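Architecture at a glance
What follows is the residue order along each chain.
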Amino acid sequence: MFRYTVKRILTGILSLFVLATVTFFLVRMIPGSPFQRGGVSSQVVEAVEQEYGLNEPLLMQYVTYMGGLLHGDLGISYEDPSTRVTEIIARAWPITASIGITALVVSVILGTSLGILMAFIKHRSVRRVISAGGMLAAGIPSFAVAILLMLVFSVKLKWLPASGLLSPLHYVLPVTALSLYPAAVISRLSGSALQAEMGKDYVLFARAKGMNRGRTILTHALKNAYLPVLNYVGPASASLLTGSFVIESIFTIPGLGREFVGSITNRDYTLILGLTVFMGAVVIAVNLITDLLCAWLDPATRRAYREETL
């Protein structure tokens, strides 16, 4: 496991390096200049580009940027030269993370509860209703859910605020819009896996010893059935933690998503790069934690890792 962990960390670092490299050159392919605005003369644009080193050869710019990146320096925002990219991330990340973590917790709790309910209840009609509801939630895009929730609960009923993130009530609509799809997927994965586990020998043996169905699910079957859920939760949590651009735009939330959209609109090279590298690091870290957790829960996976190192 130690060698596998080191290998996964090194792979993550290499992936982050490739991501930063590809993004750097793709950003430089965007037509125009980040300082080209209406009414600004070409002489002024050239002078500003020279001040920021954009007139240097592309390879030299790349070496300079990567050198700063290795020291944790993401540069300054071209749109707001008085603000560093790290300051923008530090300001926007907690907002995005608070929504993402809340949506992740709601998705896991709701999806797991529905999955257990599907495995616990014997009535087919109830299971079909839960399954149909999950398919409906999974089939509606999150932005459509967000708009529908806003129209009903903010515009029509005026129960909940429609924009900003100033109080706990402001979290209700964006978190609901973000968590419906993951919750539906988790409920289907956990429900199917639990039903398969309930027919295995160790569960039947526990039932034969007199253990009731609910305790058998919670103490024995759920642990093994949760492996496919964890494999999904990893990428899903990375997506939620790095922000949903559409949801943040709809509810006017000043998170990473809004900053990223604004950086592309303004051709803010350093901010685009900084946000991409940061979000890539979050995705890699979450996937690494998920892989290690799955390996810890699954004895067969641990044995496979040990065999690879022999």
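Residues numbered from 1 in each chain as written. Predicted model: local features only at pLDDT ≥ 70, side-chain atom pairs only at ≥ 80, totals over all residues. Heavy atoms only, no water.

Some words on the environment of isoleucine 140
Rule in force here: In DSSP terms, a helix is any run of H or I states spanning at least four residues, a strand is any run of E spanning at least two, and both are numbered starting from the N terminus.
Position of isoleucine 140 relative to the elements: it lies in the loop between α5 (124-139) and α6 (142-156). Each C-alpha atom of the pair isoleucine 140 and leucine 180 lies 9.1 Å from the other, and the pair is 40 residues apart in sequence.

Points about the side chain of arginine 267
Just so we agree on the cut-off: Under the scheme applied here, a residue whose accessible area is under 20% of the maximum for its type counts as buried, over 50% as exposed, and between as partly exposed, the area being computed with a 1.4 Å probe on protein chains only. The convention is simple: Lys and Arg are positive, Asp and Glu are negative, and His and the chain ends are not counted. Should a side-chain nitrogen of Lys or Arg be within 4 Å of a carboxyl oxygen of Asp or Glu, the pair is scored as a salt bridge. In this description, contact between two residues means that some pair of their heavy atoms is separated by no more than 4.5 Å.
Mapping arginine 267 onto the fold places it in the loop between α12 (256-265) and α13 (269-297). Among buried Asp, Glu, Lys and Arg side chains, arginine 267 stands out as unpaired, with glutamate 79 the closest opposite charge at 8.8 Å. Aside from chain neighbours lying at most four places away, what touches arginine 267 is Ile30, Pro31, Gly32, Ser33, Pro34 and Gln36.

So, the pattern of salt bridges
Under the criterion given, the structure shown has 2 salt bridges. Across the salt bridge formed by aspartate 73 and arginine 84, the nearest N and O atoms sit 2.5 Å from each other. Taken together, the positions of aspartate 73 in the loop between α3 (58-70) and α4 (85-120) and arginine 84 in the loop between α3 and α4 put the pair 11 residues apart, joining distant regions of the chain. For aspartate 73, a relative accessible area of 35% puts it in the partly exposed group. Residue class for arginine 84 comes out partly exposed when judged on its relative accessible area of 32%.

Some details on the side chain of threonine 270
To be explicit about the condition: The definition of a polar contact used here is a pair of N or O atoms within 3.5 Å, where within protein one atom must be able to donate a hydrogen and the other to accept one, and adjacent residues in sequence count solely through side-chain atom pairs.
Relative to the assigned elements, threonine 270 resides in helix α13. A polar atom in the side chain of threonine 270 sits 2.4 Å from the backbone oxygen of isoleucine 76. Setting aside residues up to four positions removed in sequence, threonine 270 forms contacts with Leu74, Ile76, Ser77, Tyr78 and Val85.

With respect to the packing of α4 against helix α7 (residues 168-197)
For clarity, the threshold we go by: The axes are straight lines fitted to the C-alpha atoms, using for helices just the contacting stretch, and the angles between their N-to-C directions are given from 0 to 180°. In this scheme the handedness of a crossing depends on how the near helix is turned from the far one: anticlockwise by less than a right angle means left-handed, clockwise means right-handed. Asp, Glu, Lys and Arg are counted as charged, while Ala, Val, Leu, Ile, Met, Phe, Trp, Tyr, Cys and Pro are counted as nonpolar; the rest, among them Gly, fall into the polar class.
Between α4 and α7, whose axes approach to 6 Å, the crossing angle comes to 35°. The way α4 lies across α7 gives a crossing that is right-handed. Grouping the amino acids of the contact of α4 with α7 by side-chain chemistry returns 16 nonpolar, 11 polar and no charged.

Looking at a nonpolar patch on the surface
Just so we agree on the cut-off: Here the term patch refers to residues with relative accessible area over 30% and no salt bridge, with like charges joined within 9 Å and nonpolar side chains (Val, Leu, Ile, Met, Phe, Trp, Tyr) within 5 Å. Exposure was quantified through the Shrake-Rupley algorithm and a 1.4 Å probe, taking into account, for residues, occlusion by the shown protein chains and nothing else.
The grouping of Phe143, Ile147, Leu148, Leu151, Val152, Val155, Leu157, Trp159 and Val246 at the surface amounts to a nonpolar patch, some 840 Å² of accessible area in total. Broken down by element, the residue count for the nonpolar patch peaks at 6 residues, all from α6. Tracing the backbone through its elements, the reader meets leucine 148 in helix α6. Using a relative accessible area of 53% as the deciding quantity, one classes leucine 148 as exposed.

What about the confidence of the model for the protein?
Note the threshold: For every residue, the predictor reports its confidence as pLDDT, a number between 0 and 100.
Of all residues in the protein, 92% attain a pLDDT of 70 or more, and the chain-wide mean is 81. Within the protein, the lowest mean pLDDT, 57, falls on helix α14 (residues 299-309), and the highest, 88, falls on α3.

Side note on the packing of aromatic side chains
Ring pairs (aromatic) are described by centroid distance and by the angle formed between their planes. Our working definition: Pairing of aromatic rings covers Phe, Tyr and Trp, the last through its six-membered ring, and needs centres within 6.5 Å; plane angles under 30 degrees mean stacked, over 60 mean edge-to-face, and all others mean tilted.
The tally for this structure, following the rule as stated, stands at 7 aromatic pairs. Both rings, one in tryptophan 93 and one in phenylalanine 278, keep their centres 5.2 Å apart while their planes meet at 75°; by these two values the pair is edge-to-face. Pair noted here: tryptophan 93 is in helix α4 and phenylalanine 278 is in helix α13, with a separation of 185 residues, a long-range link. Assessed through its relative accessible area of 24%, tryptophan 93 is described here as partly exposed. Overall, the relative accessible area of 22% leaves phenylalanine 278 in the partly exposed class. Taken together through their ring pairs, the aromatic side chains of Phe24, Phe25, Tyr62 and Tyr65 make up a single cluster.

Some details on α12
Just so we agree on the cut-off: Of all possible arcs, the one meant is that of the directions from the helix axis to the C-beta atoms.
Buried residues of α12: Leu256, Gly257, Glu259, Phe260 and Ser263, and no others. Down the axis of α12, the buried side of the element spans an arc of 165°, and every buried residue falls inside it. After α12 finishes, the residue arginine 267 shows a positive phi value of roughly 55°.

Description of unusual backbone geometry
Non-glycine residue lysine 158 carries a positive phi angle of around 60°. Residue placement: lysine 158 occurs in the loop between α6 and α7. Judged by its relative accessible area of 65%, lysine 158 is exposed.

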